[in-house]
Amino acid sequence: MNLRTIRVIIAREYFNKVKKKSFLIITFVVPVLFALMTILPALIMLFAKEESKKVQVLDRSAVVQPYLTDNALATYTFSPSDASVDSLKSALPNSGQDILLVITPDSDSLFNLKAETYSLKPLGEGVKGELQARIRQAVKDKRIEDYGINGLPAIVENVESRLTVRSYTLNEQGQETVSESGVFMTVSMILGMMIFLFITLFGGGVMSSVIEEKASRVVEVLISSVRATELMFGKIIGVALVALTQFSLWIVLTAALIGLAGGMIGKDLLTRENVQAMTEMADSGAMGMHPDLSVSSAGDLMTTLASMPWGEIILCFFVYFLFGYLLYASLFAAIGSAVENEADTQQLQIPLTIPLMLGFFISIVAFRAPDSPVVFWGSMIPFTSPIVMLARLPFGVPAWEIAVSIVLLLLTVLLCAWASAKIYKVGILMFGKKGSFKDLWKWLKMK
Amino acid sequence: MSLISCQHISKRFGTKTALDDVSVEIPQGQIFGLLGPNGAGKTTLIRIINRILIQNEGAVLFDGRPITREDVARIGYLPEERGLYRKMKVGEQAKYLAQLKGMSASEASAELKKWFQKFGIASWWNKKVEELSKGMAQKVQFITTVVHRPSLLILDEPFSGFDPVNAQLIRDEILALKDQGATILLSTHNMESVEQLCDNIALINKSRVVLAGSVEQIRRDYGQHHRSVEYTGKPLAAVPGLFELVSDEDADERRKAMLKPALGTDNTALLQALLAQEVNILSFSETTARMNDIFISLVQS
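Model, not experiment: these values are computed from the prediction.

Conventions and cut-offs
- Residues numbered from 1 in each chain as written.
- Chains lettered and ligands numbered in written order.
- Predicted model: local features only at pLDDT ≥ 70, side-chain atom pairs only at ≥ 80, totals over all residues.
- Helix = DSSP H or I, 4+ residues; strand = E, 2+ residues; numbered from the N terminus.
- Buried ≥ 20, exposed ≤ 12 C-beta atoms within 10 Å, placed from the backbone.
- Contact = placed C-beta atoms within 7 Å.
- Axes fitted to C-alpha atoms, helices over the stretch in contact; angles between N-to-C directions.
- Parallel < 35°, antiparallel > 145°, perpendicular 65-115°, else oblique.
- Left-handed = near helix turned anticlockwise from the far one by under 90°.
- Nonpolar A, V, L, I, M, F, W, Y, C, P; charged D, E, K, R; others polar.
- Pairing = 2+ DSSP bridges.
- Domains from an automatic or database assignment.
- Expected span 1.5 Å × (residues − 1).
- Arc of directions from axis to C-beta.

A. The arrangement of the overall build of chain B in detail. The number of helices and strands found in chain B is nine helices and 14 strands. Viewed in the frame of its principal axes, chain B has a C-alpha envelope of about 75 × 45 × 30 Å. Every one of the 301 residues in chain B was classed for burial, and the buried ones make up 36%. In chain B, once contacts between residues fewer than 6 apart in sequence are set aside, the share between residues at least 24 apart is 69%.

This is the structure we're talking about:
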C-alpha cells in the first residue's frame, strides 16, 4: 500500500462529498429536525391548552347536564339547551358553538348512555376522549350524590391512590443508585439507532461511489495508477471521515439550536411539568409502550444518566461503529463493483439489508428486555453485534462478553474485507453486464 | 532495444484462456501497433503491462528488468473503456489523476495549465465534465494520459469520439510525443492509422500472436512481390522465365497490368523486358497489401 496515493484518494472522496449540495442540505436540515423533535412536545403542551371548544348540550336524560362543569382551564364551555335536535343542528353553523352534544339515556338507570356529537369539522380523537371522560365523570358525580351519604365524595377521593415507582440498582457493595428504566431505554434506543443509521447511510454511500466510478468508466484509468485495494480502502476511509464530519456537525448544530430555541421560548419550557410531558410523549410516542410509565423527577433522570458506564459506552460506540462500518462498507463496495447502476443493486443488497434490519429489531427487544437470549446472541453474532451490543450497553454488559463480541467482529471484518477486495478487483473491470451472486462467487475464487 | 518485452505470457480466467504464450517486443521510441479482433486478448495484454492484471505465466520486462508496481507511474494509459467523473470539475479531476501518477499538486497544476493552453481549452478548467461534449471530454482525457510525461504511452482506440479535425490534432500530438522520445503502444481497429503511424505491429488472434514485424515488411510480404505497371501502347505479353501476367486491363486511356516476377528477377531486368515490348511506361511500383486486407485474411483463416 502506498500511503501517499491513499491520502490523495481519501482527500478526493472526502472533499468531493463534503462540497456537494446534498451534504450541506442534510447537514443543516437534520439538526433542525432533531431540535424540533426535542422542542416540539413541549411546544405542543404549551399550545394545546389554548384550544377551547364551545359545546352546546342537549341532555335528554336531564341528569348529566348539571354535572358537566366548565373546565378549570376553560377549554370546554358547556351551554345547555332544550330546543329540538333538528333545530339545533340547523342552527349550529351560526350559533357560535363548535359542537352539538346530544345525550340520550338507554335506560332509566343511567347505566347505559348514548351520546352523539355534531360538528362542522371532524372531531379530533382528543376532543372525543375528553367529552367521554367528562360525561362519565358527570354520571359518577351524580350517582355518588344520589346515595345521599354525607361525606361520600370525600371518601371516594380518599380511596384513590397515587402511585410512583422508583427503581434502584444495587452494586456488590450494596450501594444503591436511582435507575430510571425509561432513561436506559432512551439511551439504548438512541445508541442502537445511531449505529444502524450510520452503517446504512454511509455503507450505501461507499456503494454509490463505487458504482459512479464504474459507470463513468473512470475506474480503469484509476487502477492503472493505483492498486484496486488502495482505491477501495481509500474510498471507505474517505466516506468514514465524511460520516464523522457530518455527525460532529449534527451534534454541535443540534445542541446550538436547542439552546437557542430554549432561550427564546423561555424558561417555562423546562419546568418540571413540561419535562414530564416530553418524557411521556417521547416514551409513548417512540414505541407505543408503557404510556403510564412512572414519571421521575429531573433529579432522578440525571442520577440515572450519571450512573451509566459512559466511558465504556463511548469507547464501545467508536469501536463498534468503526468495525461495523468497515464490515458493511467493504461488502457494499463489493456489491457496487458488480453493477453499473444503483437500480441493479436491489437484489444483491438483500444479504446485507436483512442482517442490518434484524440487528435493528433485536435492538428494540434489547431495550425492553436486555437479558433475553435473542439479545445475547444478537450482540455476539458479528453482523448484528454492532447495533445490538450498543443497545445493550447502558444496562451493563460483562466485560468478557464485550471482548468476545469484538474479537468475533474483528475477525469477520478482516475476512469480509479480504473477500470484498478480491471481488471488487475483478468486478470493477467487468463492463456491460450485471453481476449475479454466482459471478461474485466466481470472482472471489479467481486468482 | 526494447522498452517493453513481454515473454511467454499466459493468462487464464477460470477455464478461459485469454492469452496463450504471447511474446511481444516493443522497441524504444517507436509507435507499436497492437492489432486483433474483438476478444482476441489485446485488452488483457494491455492490462498486464499496466499491472492491473497479473499474468499466470511469463514475464514483463520494462527497460530490461522485471516490471514493478512503481513503473506504472511512467506509463500513461488511455483505455478503450474510458471516462471521467461526471460531477467533478475538469481541472480538479485532471489534477487528481496526475497526482495518482505521482506528480505533486503544484507540479500537476502547472503542467496541466500548459496543456490546456496548448489545446485551447483553458476556459474549461472550472467546468464540470457533464457540461462538456463527448469530444471535449476526450480531449481532457488525452491530456490526463500524457501530462505526467510517461515514457510509455498505451493508447487504446485513441481516435474514437473525435471529429476529423481533432483526430488530426491527436495524431500530430502522438507523433510529437514520439519525437520527444516516448514509446507508444497503439491499439486500434483503424488500419489506416496503423499504416500512417506504426513502425511495428503484432497481431493477436484467439489469444496468440499470429503476426509480428515492421509494417513496411509485412505489407510487402503480403503484397506477394507483384509489380503494378501503368502504361500506354499495345497490351503486354508475359515473358516466360521473367514474369507472368496476373492481370492486364484497360483503364480509360491507359492500361494497368499486374506482373508476377519469376524468382530472382530484379527490377532492372523486368523494366528492360517491358521496354522491349515497345510500350510507354507511366508508372512502375512494387505492390504492398493494405493492412486492412492482411488483417481480414489472417483473422478469417
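B. Focus on the packing of helix α12 (residues 345-366) of chain A against helix α14 (residues 385-392) of chain A. Residues and elements named next belong to chain A. Axis separation between α12 and α14 bottoms out at 8 Å; the angle between their running directions is 15°. Between α12 and α14, the crossing angle belongs to the class labelled roughly parallel. In the crossing of α12 with α14, the sense of the turn from one axis to the other is right-handed. Contacts between α12 and α14 pair Gly359, Phe360, Ile362, Ser363 and Ala366 from the former with Ile387, Val388, Ala391 and Arg392 from the latter. Grouping the amino acids of the contact of α12 with α14 by side-chain chemistry returns six nonpolar, two polar and one charged.

C. Structural view of the sheet that holds strand β4 (residues 57-62) of chain B. Residue and element names in this part refer to chain B. In spatial order, the strands read β2-β1-β4-β5; together these four strands make up an open sheet with antiparallel pairing. The open sheet terminates on both sides in strands that have one partner only, identified here as β2 (16-27) and β5 (65-66). Sheet topology places β4 next to β5; two bridges connect them, and they run antiparallel. Within the sheet, the bridge partner assigned to leucine 61 lies in β5 and is proline 66. Each of β1 (2-13), β2 and β4 is contacted by helix α1 (residues 42-49), which is oriented at about 120° to β1, the strand it contacts most.

D. Structural detail: the domain arrangement of chain B. Residues and elements named next belong to chain B. Here chain B is partitioned into domain 1 (2-74 + 150-216), domain 2 (89-144) and domain 3 (224-300). For domain 1 and domain 2, the distance between their C-alpha centroids amounts to 25 Å. Between domain 1 and domain 2, the contact holds six residues from the first and seven residues from the second. Residues of the side of domain 1 that touches domain 2, tallied by class, amount to three nonpolar, two polar and one charged.

E. Structural context of unusual backbone geometry. Residue and element names in this part refer to chain B. A positive phi angle, close to 45°, is found at arginine 149, a residue other than glycine. Tracing the backbone shows arginine 149 in the loop between α4 (134-146) and β7 (152-156). Within the chain, lysine 206 stands out as a residue other than glycine whose phi angle is a positive 50°. If you trace the backbone, lysine 206 turns up in the loop between β9 (200-205) and β10 (208-214).

F. Layout of the interface of chain A and chain B. Taken together, the contact between chain A and chain B spans 17 residues of the former and 19 residues of the latter. Going through the elements one at a time, α1 (3-18) and α7 (219-223) of chain A are the ones with two or more residues in the side of chain A that touches chain B. Split into classes, the residues belonging to the side of chain A that touches chain B amount to eight nonpolar, five polar and four charged.

G. Highlighting the sheet that holds strand β12 (residues 243-251) of chain B. Residue and element names in this part refer to chain B. Overall, antiparallel pairing links the four strands, which are arranged β12-β13-β11-β14 in an open sheet. Looking at which strands have only one partner, the edges of the open sheet turn out to be β12 and β14 (280-286). Between one strand and the next, the sheet's axes are offset by a mean angle of 20°, whatever the strand orientation.

H. Local environment of helix α4 (residues 125-146) of chain A. All names here are of chain A. The first and last C-alpha atoms of α4 sit 32 Å apart over 22 residues, in line with the 32 Å expected at 1.5 Å per residue. Within α4, burial applies to Leu131, Arg134 and Ala138. Along the long axis of α4, the arc covered by the buried residues comes to 60°, so they all point the same way. Opposite the buried face of α4, by more than 90 degrees, sit the exposed residues Glu125, Gly126, Gly129, Gln132, Ala133, Arg136 and Lys140. Turning to α4, the residues buried within the fold contact β3 (99-105) and β4 (113-119). Where α4 terminates, the next one or two residues include glycine 148, which has phi positive at roughly 70°.

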